[in-house]
Amino acid sequence: LTSHVAASEAVAFVRKLAKKHHSAALAQLASRMAAVSKFGAKEDIFAKVKGLIRDMISKLEANAQAEAEEKAYCDEQMSKTEAKKSELEDDIAKMTA
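Model, not experiment: these values are computed from the prediction.

**Regarding the overall build of the protein**
So, point 1. Helix and strand content of the protein: three helices and zero strands.
So, point 2. The order of helices and strands in the protein, counted from the N terminus, is α-α-α.
So, point 3. Relative to a compact globule of 97 residues, whose C-alpha radius of gyration would be 13 Å, the protein shows 25 Å and is clearly more extended.
So, point 4. In terms of its C-alpha atoms, the protein occupies a principal-axis envelope of roughly 85 × 20 × 15 Å.
So, point 5. Burial analysis of the protein (97 residues in total) assigns 15% to the buried set.
So, point 6. For the protein, contacts bridging at least 24 residues in sequence account for 42% of all contacts bridging at least 6.
So, point 7. Summed over its atoms, the accessible surface of the protein is roughly 7600 Å², and 60% of this surface lies on carbon and sulfur atoms.

Now the structure itself:
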């Protein structure tokens, strides 16, 4: 009973964080935590919850890495584009002078 109350409090806390930060990932975590505490094994609810949290952290880290790689690519392409634009503007200036 005590672990069930603690699990309910943990779910409520994560839901509150999800609302505060407008986080779909935290809302999904809270939903999964609620399901585990309601339907999961009763011997160690928090072991499963810790696993869910670890999985979410891994997923978020992978997403952050992918976003960082995409940003680096976009930054590189923008730099090349700006350089080419400058070069073409110089060519136009030479031709029209």
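After that view of the structure, there is still more to cover.
**Considerations on the pattern of salt bridges**
So, point 1. Tallied over the full model, the rule gives four salt bridges.
So, point 2. Notably, a salt bridge pairs Lys71 with Asp75, separated by 2.7 Å at the nearest N-O pair. Taken together, the residues Lys71 and Asp75, both in helix α3 (residues 45–96) and four residues apart, mark about one turn of the helix.

**Looking at the packing of helix α2 (residues 24–39) against α3**
To describe two helices that pack against each other, one gives the angle between their axes and the distance between the axes.
So, point 1. For the pair α2 and α3, the least separation of the axes is 10 Å and the interaxial angle reads 160°. With respect to each other, α2 and α3 are oriented roughly antiparallel. Handedness of the α2/α3 crossing: right-handed. Contacts between α2 and α3 involve Ala25, Leu26, Gln28, Leu29, Arg32, Met33, Val36 and Ser37 from the first element and Ile45, Lys48, Val49, Leu52, Ile53, Met56, Lys59 and Leu60 from the second.
So, point 2. Of the residues assigned to the contact of α2 with α3, the class counts are 11 nonpolar, two polar and three charged.

Conventions we followed
- Residues numbered from 1 in each chain as written.
- Predicted model: local features only at pLDDT ≥ 70, side-chain atom pairs only at ≥ 80, totals over all residues.
- Heavy atoms only, no water.
- Helix = DSSP H or I, 4+ residues; strand = E, 2+ residues; numbered from the N terminus.
- Rg over C-alpha atoms; globule rule 2.2 N^0.38 Å.
- Buried < 20%, exposed > 50% of the residue type's maximum accessible area, 1.4 Å probe, protein only.
- Contact = heavy atoms within 4.5 Å.
- Areas by Shrake-Rupley, 256 points an atom, 1.4 Å probe, with all protein chains shown as cover.
- Salt bridge = Lys/Arg side-chain N within 4 Å of Asp/Glu carboxyl O.
- Axes fitted to C-alpha atoms, helices over the stretch in contact; angles between N-to-C directions.
- Parallel < 35°, antiparallel > 145°, perpendicular 65-115°, else oblique.
- Left-handed = near helix turned anticlockwise from the far one by under 90°.
- Nonpolar A, V, L, I, M, F, W, Y, C, P; charged D, E, K, R; others polar.

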